[in-house]
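Descriptive analysis of the structure
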Amino acid sequence: MEETEQQRTKEEWMRVAIEEAKKAEALAEVPIGAIVVHQGQIIGRGHNLRETTQNATTHAEMIAIQEACKAIGSWRLEETQLYVTLEPCPMCSGAMILSRVKEVYFGAYDPKGGTAGTLMNLLEDERFNHQADVEGGILEEECGELLSVFFRNLRAKKKKLKKD
């Protein structure tokens, strides 16, 4: 029973991350969202803003981590959980290691850039001075569908522009 309750909680938090992803999508950004949770409270939120800011480092996780650090007044996020709709990239995994995030939960796997188990697993690599517990596939279909629809629409828009 406890495992089911834990899974439900993970899904509830991931749904909040999905809402963040939808904010990115509304800005014509790749729909990726992230939240940082500490003691059952959201202390950081972020969604992809690379196109808006023209800054390669404004990934959802980076923004959520920065907000969380401000909220608790420390760069150490040792007792936090980070939920993100897409498997983290090397930069974001690095930020999670450096900020000491305890647990990382992600939705869709990223076969082209995922470093939380797909291409490599930076977050659980014992050569670093910190490791995070990782669990992927939380609401995987829902998270993946957001991305699939976004890129399908983007390709259709580009194709239509070529014809016009």
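So, how was this worked out
- Residues numbered from 1 in each chain as written.
- Predicted model: local features only at pLDDT ≥ 70, side-chain atom pairs only at ≥ 80, totals over all residues.
- Heavy atoms only, no water.
- Helix = DSSP H or I, 4+ residues; strand = E, 2+ residues; numbered from the N terminus.
- Rg over C-alpha atoms; globule rule 2.2 N^0.38 Å.
- Buried < 20%, exposed > 50% of the residue type's maximum accessible area, 1.4 Å probe, protein only.
- Areas by Shrake-Rupley, 256 points an atom, 1.4 Å probe, with all protein chains shown as cover.
- UniProt positions renumbered as here; feature names shortened; annotations may be inferred.
- 1 Å grid on protein atoms, 1.4 Å probe; cavity = no way out; pocket = protein on both sides within 12 Å on 5 of 7 lines; lining within 4 Å.
- Contact = heavy atoms within 4.5 Å.
- Polar contact = N/O pair within 3.5 Å; in protein donor to acceptor, adjacent residues only side chain to side chain.
- Salt bridge = Lys/Arg side-chain N within 4 Å of Asp/Glu carboxyl O.
- Core = buried A, V, L, I, M, F, W, Y, C linked by side-chain atoms within 4.5 Å.
- Expected span 1.5 Å × (residues − 1).
- Points joined across faces, edges and corners; volume = space filled by probe spheres on them.
- Nonpolar A, V, L, I, M, F, W, Y, C, P; charged D, E, K, R; others polar.

Attention shifts here to the overall build of the chain. Across its full length, the chain carries five helices and five strands. Ordered by position from N to C terminus, the α and β elements of the chain give α-β-β-α-α-β-α-β-β-α. Against the compact-globule benchmark of 15 Å for 164 residues, the chain has a radius of gyration of 16 Å, which places it among compact chains. By residue count, 46% of the 164 residues in the chain fall in the buried class. In the form shown here, the chain has an accessible surface area of approximately 9,300 Å², with 51% of it arising from carbon and sulfur atoms.

The subject of this paragraph is the UniProt feature "binding site: Zn(2+)" (unreviewed entry) in the chain. Within this numbering scheme, the UniProt entry marks His59, Cys89 and Cys92 as carrying the feature "binding site: Zn(2+)" (unreviewed entry). Judged by maximum C-alpha separation, these annotated positions cover 34 residues in sequence but sit close together in space, the widest gap being only 9.4 Å. For the largest pocket, the lining residues drawn from the annotated set are His59, Cys89 and Cys92. Given a relative accessible area of 14%, His59 falls into the buried group. The contacts of His59, once residues within four sequence positions are left out, are Asn48, Arg50, Cys89, Met91 and Cys92. Within the structure, His59 has its side chain in polar contact with the backbone oxygen of Ala56 (distance 3.4 Å). Within the secondary structure layout, Cys89 lies in the loop between strand S3 (80–86) and helix H4 (90–98).

Moving on to the pattern of salt bridges. Applying the stated criterion across every chain yields a total of eight salt bridges. We note a salt bridge from Arg45 to Glu20, for which the minimum N-O separation is 3.6 Å. With Arg45 in strand S2 (residues 41–47) and Glu20 in helix H1 (residues 2–26), this pair connects stretches of sequence that are 25 residues apart. We classify Arg45 as partly exposed; its relative accessible area is 34%. Of the charged contacts, one joins Arg127 and Asp125 as a salt bridge, the two residues approaching to 2.6 Å between their closest N and O atoms. Residue classification places Asp125 among the buried positions, given a relative accessible area of 15%.

When the UniProt feature table is mapped onto this chain, "domain: CMP/dCMP-type deaminase" (unreviewed entry) is found at residues 8–126. Split by type, residues 8–126 is 38% helix and 22% strand. Its first and last C-alpha atoms lie 30 Å apart.

Met14, Ile32, Ile65, Leu82, Tyr83, Met96 and Leu123 are the most contacted members of the largest nonpolar core, which totals 43 residues. For this core, the element with the most residues is helix H3 (residues 60–72), which contributes six residues.

This paragraph deals with the side chain of His130. Position of His130 among the secondary structure elements: in the loop between strand S4 (103–108) and strand S5 (133–135). There is a polar contact of 2.8 Å between the side chain of His130 and the backbone oxygen of Val101. Residues in contact with His130, not counting those within four places in the same chain, are Met96, Ile97, Arg100, Val101, Leu123 and Asp125.

On to helix H5 (residues 140–163), then. If you check H5, its first and last C-alpha atoms are 35 Å apart, about what 24 residues at 1.5 Å a residue would give, namely 34 Å. Restricting attention to buried positions, one finds in H5 the residues Cys143, Gly144, Leu146, Leu147 and Phe150.

For the largest pocket, the calculated volume is near 310 Å³. Taken together, the elements giving at least two residues each to the lining of the largest pocket come down to H3 and H5. Element by element, the count of residues in the lining of the largest pocket is highest for H5, at four residues. For the lining of the largest pocket, a count of residues per class yields nine nonpolar, five polar and four charged.

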